[in-house]
Amino acid sequence: MLKLFLILLWSAFFLIVNLGAKKLISIMVFDKGYLQMAASAASSPWLYMLIPLYGAAALVYMFMLRIMPISSAGPLVLTLGILLTTLMGALIYGEDIFQIRHLMGLSFCVLGILLILIK
């Protein structure tokens with residue numbers, strides 16, 4: 001039960017960080033050089049929200065490593081990240097993920113996790 005809770009908690013942090021990063025990127029100034037880009041990021045409240053959330057996601061992952069082997073936790077988290085990012089792109093930003101290459105790639109991700117996690 002604790003494993004499932006940590007996985008869901010990490011997933012929530014991951015989704016929020018990705019949404020915030022997309023928002024931060026959309027308001028940053030890219031055409032006036034690196035200094036202006038950094039200044040626009042530093043002046044955004046999104047950056048200061050994302051840093052602690054990213055840290056919280058890292059802490060949750062560390063707790064996961066205490067109760068799961070890294071050979072299971074690592075691939076699980078990475079694959080969840082791929083799946084959640086892809087779904088978020090489709091649901092929130094209207095990206096087309098229903099091409100055969102996307103569907104096959106996501107299927108292989110799920111199959112790989114199932115093979116790793118089945119005892």
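Residues numbered from 1 in each chain as written. Predicted model: local features only at pLDDT ≥ 70, side-chain atom pairs only at ≥ 80, totals over all residues. Heavy atoms only, no water.

It is worth spelling out the environment of Leu53 at this point. Relative to the elements of secondary structure, Leu53 occurs in helix 3 (residues 45-67). On a C-alpha basis, the gap between Leu53 and Ile16 in space is 7.9 Å, while along the polypeptide they are 37 residues apart. Beyond its immediate stretch of four places on either side in the chain, Leu53 contacts Phe13, Ile16 and Val17. (Helix = DSSP H or I, 4+ residues; strand = E, 2+ residues; numbered from the N terminus. Contact = heavy atoms within 4.5 Å.)

A word on the nonpolar core. One finds Trp10, Phe13, Val60, Met64, Met68 and Leu76 to be the most contacted residues of the largest nonpolar core, which totals 19 residues. At the level of secondary structure, the elements contributing two or more residues to this core comprise helix 1 (2-27), helix 3 and helix 4 (70-93). Residue contacts for Met68: discarding those within four places in its chain leaves Lys3, Ala73 and Leu76. (Core = buried A, V, L, I, M, F, W, Y, C linked by side-chain atoms within 4.5 Å. Buried < 20%, exposed > 50% of the residue type's maximum accessible area, 1.4 Å probe, protein only.)

Let us look at helix 1. Under the 1.5 Å per step criterion, the end-to-end length of helix 1 is 38 Å for 26 residues, consistent within 8% with the ideal 38 Å. The set of residues buried in helix 1 consists of Leu6, Ile7, Trp10, Ser11, Phe13, Val17, Gly20 and Leu24. Residues of helix 1 that are buried in the fold lie against helix 2 (34-42), helix 3 and helix 4. (Expected span 1.5 Å × (residues − 1).)

This part covers the side chain of Ser72. Topologically, Ser72 is positioned in helix 4. According to the relative accessible area criterion, Ser72 is buried, its value standing at 13%. In contact with Ser72, other than residues within four places in its own chain, are Ile116 and Leu117.

Bringing the layout of surface pockets into the picture now. Empty space within the largest pocket amounts to approximately 200 Å³. For the largest pocket, the full set of lining residues is Trp10, Phe14, Val17, Asn18, Tyr54, Ala57, Ala58, Tyr61, Val77, Leu78 and Gly81. If you list the elements that add at least two residues to the lining of the largest pocket, you get helix 1, helix 3 and helix 4. Looking at side-chain class alone, the lining of the largest pocket contains nine nonpolar, two polar and no charged residues. (1 Å grid on protein atoms, 1.4 Å probe; cavity = no way out; pocket = protein on both sides within 12 Å on 5 of 7 lines; lining within 4 Å. Points joined across faces, edges and corners; volume = space filled by probe spheres on them. Nonpolar A, V, L, I, M, F, W, Y, C, P; charged D, E, K, R; others polar.)

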